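Inside the fold
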Amino acid sequence: MISLKVNGRKHDIDLSPDVPLVWVIREHLKLTGTKYACGKGLCGSCTVHIEGKAVRSCQTSVGDAAGKDITTIEGIPEGHPLKKMWVKEQVAQCGYCQPGQIMQAAELLSGDKNPSDEAIVRAMDGNLCRCGTYPRIKSAIRLAAKEGGK
Amino acid sequence: MSSSITRRTFLKAAGFTIAIAITPSGYTILSAKELEEAKNKGFSPSVWLRIMPDNTVVITVNKSEMGQGVYTSLPMIIADELEAGWKQVKFEVAPAADGYKDPVWGAQATGGSSSIRHMYEPLRKAGAAAREMLVTAAAGVWNVPAADCEASQGTVKHSAGKRTITYGELVEPASALDLPKNPSLKKESQFRLIGTAVPRLDLLEKTDGTAKFGIDVLVPDLLYATVARPNAFGAKVEAVHDAMAQKIKGVRKIVQIDGGVAFCADTIEAAWQAKKSTHIVWGKGTDPDLSNESLAKSFEEHLSKDGIIARKEGDVQNALASAAVKLDSRYYLPYLAHATMEPMNCTAHVQTDRCDIWVPTQNQTGTLMTAKKITGLNPEQIHVHTAYLGGGFGRRFEQDFVEEAVQTAKAVGRPVKVIWTREEDFQYDYYRPGNLSRIQAALDDKGNPTAWSHKIVCPSIFARVFPDTMKKGIDNAAVEGLSNLEYDVPNVSVEYVRIDTPVPVGFWRSVGSSHNAFTVETFIDELAHQAKKDPLRFRLDLLKKHPRAQRVLELAAEKAGWGKPPEKGIGRGIAYHLSFDSYVAQVAEVSVDRTSGAIKVHRIVCAVDCGPLINTDTIKAQMMGGIVMGLSSALKESISFGRGKVLTENFDHYDLLRMSETPEIEVHIVKSDAKFGGIGEPGVPPAAPAVANALFNLTGVRLRSLPMKPETVLKALKASV
């Protein structure tokens, strides 16, 4: 039995500890906001926070995540500056990669309240978006930093 | 129960409805009253618009949402004519049904940058008809002339009587009315939504993780499946040794289907484990030696074959023979993957009298037909639930993933979700065709082109997808942008050589324009250079009969500061292309790292003329996204073949453009009175040639194949010294 703490809620699941966390979150816990896209840590779509750090949940086994504080997109509170600015900037197109983008951006802003453009690009470069929403992601993060600083 | 009470209860649930029936000659708009009669006449109309007693306006969208904002732009059209308040509006996704077919195509599908172009007129008329009926109903309630009443923001007003009534309150009287024969459409000056930047209705759920994509579908009693597909093109299953897999906990069924072997289990991880533990013996593929080299050789060989003449004006051979200056170039472009962020997937449940399919599809009619063929059920028994598409770009027009899921579900008798891995998504795509062009042109002594001979070797998409469109054996996609080349050259010939290879090909965002814009716009740049003319001036002079083309070129050039020298170390290039009835010009500013050969694109200035505008923010977003995809293919993308199959497996060998590589992008919209143009695809084609031309401007190096990877650029730079 593996005990997971996701968005403050405890779940006990009976499965092998080597299953990638992304599938456990999505298919077992039904928190489908976290996306599978590459399975190799190459695209960032599955990004979640473990103990506040952005990790690729496709590269993390459920065993390794057991007992730790896991936050998914569903755990980002309503009214979070990133969510607000994502809507204001009309970032999403197909929307598939956006939860991962937001989770990555949330980690950035938790450590750097006023990131430079270079810092934004450095933090976000591992997250792919086939629709090409990067310019709007960048401006949404800038605005969220401003909003968060208020 | 009196009939009036029954009717009231019914209206409370159904609201005031407007339906559309798709007929062989187009479409008919129907009132609630006419809906039943039409059904009896054998039409299958569907309800597109419902006004509920609580004043909500529910608009059904018959097109798939894959990023292009169609769940907002189509409702905008109805809502504007209806004079609804935007806050009242909700969208609903259409099921697959005859009444939701595209009236131009007679099929329910999304593609060809056509959603607005095909739906604008019927949706406006439906909205206008409903508005007039609501006004008439209000006039009836107040017993005043309808001419004294006016619809405004979800209400009808009677100014003389200072009275207002909401649409919701008019559900009952409006439902009893006949449909107006010729509802008057708004004048452009009366539009409130059309032509503005309306926020997307799907943005919130795409931000907080609640949007349900196909891969997110969860239904009771669900099994997961993975499919083992051929290990080379054309290989067939000869034997399946699955004794070990059968013993794995949670494995339910291993079944052979047309596309391979499906492994069904309680969890996706058990299904994968089963696949890994099974030894499948595959027969020989169609071409076990297929490789990058063998394909390149085959394209070369086909170039010397006679093709089919797709266009012929004047006498090209004669003009070439007598020319003062001749140019002869070859362009070789790779096969590309769609690489939608959401890998292919489909969930299906086949029962004796019903089939449900939950799928991110661009092709509802195709899905219905696929399921009908496999299950033998009637279309009425097949329910297609279109989920959000995590990217489409043409890939989700195909039926392979539907076929797998329905066949597997039929075999197991439980709902099955088939999930593709990224590796499978790369290896079993319908690729953007690779292609080879040879262009010969002649210039007279004043530097004016006198001949343009264009021969393209390209696999055919249409031969498989729409064989009926193959007139004289010509694939219109393959010669897109060539058969309608706008440059004024007196002698032109376009020749198409079809090449059939085992590699499946399909629609990829902007289709033939995705490659032909590169060859044409790079070659015209070569000609300008040869003629010692400014590349912008050279184009403008040859486009005197095409003022819209001139306008976008001029605007992009002006905004980019064309004519003023760029900063040191920066090269500038320009390109334009007409596709899907929209004109797009782009100016690229690039620099190059001379030690690594890496191109950096600093800025793209884009001008677009797509005719009338619906959602201006969507237009900008689609241009921006198209440019990023165009740059991605220009700089990074190519599929690799070997041992009779695709070798490319994941983003480590097929990386997409990343944020650090994305330039500043400016989009300028030209408002014109021309007919509607599409917006989903036309942003892609000019990006690659604009960059290649900028590289030439900076370094004198002319690249005639893609992608422009650092090693390729470096090699060319070294060769040029």
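Residues numbered from 1 in each chain as written. Chains lettered and ligands numbered in written order. Predicted model: local features only at pLDDT ≥ 70, side-chain atom pairs only at ≥ 80, totals over all residues.

For chain A, the helix and strand inventory stands at six helices and five strands. Ordered by position from the N terminus, the helices and strands of chain A form the series β-β-α-β-β-α-β-α-α-α-α. The C-alpha radius of gyration of chain A comes to 15 Å, within 12% of the 15 Å expected for a compact globule of 150 residues. The dimensions of chain A, computed from C-alpha atoms along their principal axes, are 45 × 30 × 25 Å. For chain A, with 150 residues in total, the buried portion stands at 57%. Taking all contacts inside chain A whose residues are at least 6 apart in sequence as the whole, residues at least 24 apart take part in 62%. (Helix = DSSP H or I, 4+ residues; strand = E, 2+ residues; numbered from the N terminus. Rg over C-alpha atoms; globule rule 2.2 N^0.38 Å. Buried ≥ 20, exposed ≤ 12 C-beta atoms within 10 Å, placed from the backbone. Contact = placed C-beta atoms within 7 Å.)

All names here are of chain A. Contact geometry of helix 3 (residues 81–88) with helix 6 (residues 134–149) gives a least axis separation of 8 Å together with a crossing angle of 135°. Relative to helix 6, the element helix 3 lies oblique. Judged by the sense of rotation from one axis to the other, the crossing of helix 3 with helix 6 is right-handed. On helix 6, the residues touching Pro81, Leu82, Lys84, Met85, Trp86 and Lys88 of helix 3 are Ala140, Leu143, Ala144, Glu147 and Gly148. Partitioned by chemical class, the residues of the contact of helix 3 with helix 6 number seven nonpolar, one polar and three charged. (Axes fitted to C-alpha atoms, helices over the stretch in contact; angles between N-to-C directions. Parallel < 35°, antiparallel > 145°, perpendicular 65-115°, else oblique. Left-handed = near helix turned anticlockwise from the far one by under 90°. Nonpolar A, V, L, I, M, F, W, Y, C, P; charged D, E, K, R; others polar.)

On to helix 16 (residues 547–560) of chain B, then. All names here are of chain B. An ideal rise of 1.5 Å per residue puts 20 Å on 14 residues; helix 16 measures up with 20 Å between its terminal C-alpha atoms. All of the buried residues along helix 16 are Ala549, Gln550, Val552, Leu553, Leu555, Ala556, Ala557 and Ala560. Elements that come into contact with the buried residues of helix 16 comprise helix 15 (535–542), strand 23 (571–579), strand 24 (582–592), strand 25 (599–609) and strand 28 (664–669). One or two residues past the end of helix 16 sits Gly561, with phi positive at roughly 75°. (Expected span 1.5 Å × (residues − 1).)

Here we take up the domain arrangement of chain B. All names here are of chain B. Looking at the assigned domains, one finds that chain B contains domain 1 (3–190), domain 2 (214–284 + 344–419) and domain 3 (292–335 + 431–720). Centre-to-centre, using C-alpha coordinates, domain 2 lies 38 Å away from domain 3. Facing nine residues of domain 2, the contacting portion of domain 3 comprises nine residues. Taken together, the residues of the side of domain 2 that touches domain 3 sort by class into four nonpolar, three polar and two charged. (Domains from an automatic or database assignment.)

Our focus in this paragraph is the sheet that holds strand 28 of chain B. Residues and elements named next belong to chain B. Strand order in the open sheet formed by four strands is 23-24-25-28, and the pairing between neighbours is mixed. The open sheet has two edge strands, strand 23 and strand 28, and neither has a second partner. Across the sheet, the mean angle separating the axes of adjacent strands is 15° when strand polarity is ignored. Inspection of the sheet shows strand 25 paired to strand 28 by six bridges, in the parallel sense. By the bridge assignment for strand 28, Arg603 is matched with Glu664. (Pairing = 2+ DSSP bridges.)

With that settled, the discussion passes to the interface of chain B and chain A. Each side of the interface is counted separately: chain B has 46 residues, and chain A has 39 residues. Element by element, the count of residues in the side of chain B that touches chain A is highest for helix 17 (residues 616–635) of chain B, at seven residues.

Looking now at the domain arrangement of chain A. It is common to give the size of an interface as the accessible area lost on bringing the parts into contact. Residues and elements named next belong to chain A. In terms of domain boundaries, chain A breaks down into domain 1 (2–73) and domain 2 (81–149). For domain 1 versus domain 2, the separation of C-alpha centres amounts to 21 Å. On the domain 2 side, the residues contacting the 14 residues of domain 1 number 12 residues. Elements that contribute at least two residues to the side of domain 1 that touches domain 2 include exactly strand 3 (47–50) and strand 4 (53–56). Considering each element in turn, the side of domain 1 that touches domain 2 owes the most residues, three residues, to strand 3. Looking at the side of domain 1 that touches domain 2 residue by residue, the classes come out as five nonpolar, seven polar and two charged.

Time to look at the sheet that holds strand 3 (residues 46–51) of chain B. All names here are of chain B. Spatially, the five strands line up as an open sheet ordered 2-1-3-4-5, and their pairing is mixed. A strand with exactly one partner marks an edge of an open sheet, and here the two such strands are strand 2 (26–31) and strand 5 (89–93). For this sheet, the mean angle separating the axes of adjacent strands, direction not counted, is 25°. Strand direction decides the pairing type here: strand 3 and strand 4 (residues 57–61), joined by three bridges, are antiparallel. In the strand pairing of strand 4, Ile51 is matched with Val57. Where helix 2 (residues 32–40) meets the sheet, its contacts fall on strand 1 (16–23) and strand 2, and the angle it forms with strand 2 comes to roughly 125°. Relative to the sheet, helix 3 (residues 70–82) contacts strand 3, strand 4 and strand 5, its axis offset from that of strand 4 by approximately 130°.

Attention shifts here to the pairing of strand 23 of chain B. For a regular strand, side-chain orientation follows a simple rule: the groups alternate between the two sheet faces. All names here are of chain B. Of all nine residues in strand 23, nine are buried, a share of seventy percent or more. Side chains of strand 23 alternate between two faces, with Gly571, Gly573, Ala575, His577 and Ser579 and Arg572, Ile574, Tyr576 and Leu578 buried alike. As defined by bridge partners, strand 23 adjoins strand 24 across nine bridges and the pair is classed as antiparallel. Bridged to Gly571 within strand 24 is Val590. Hairpin connection between strand 23 and strand 24: a loop of two residues separates the two successive antiparallel strands, and Phe580 in this loop has a positive phi of roughly 50°.

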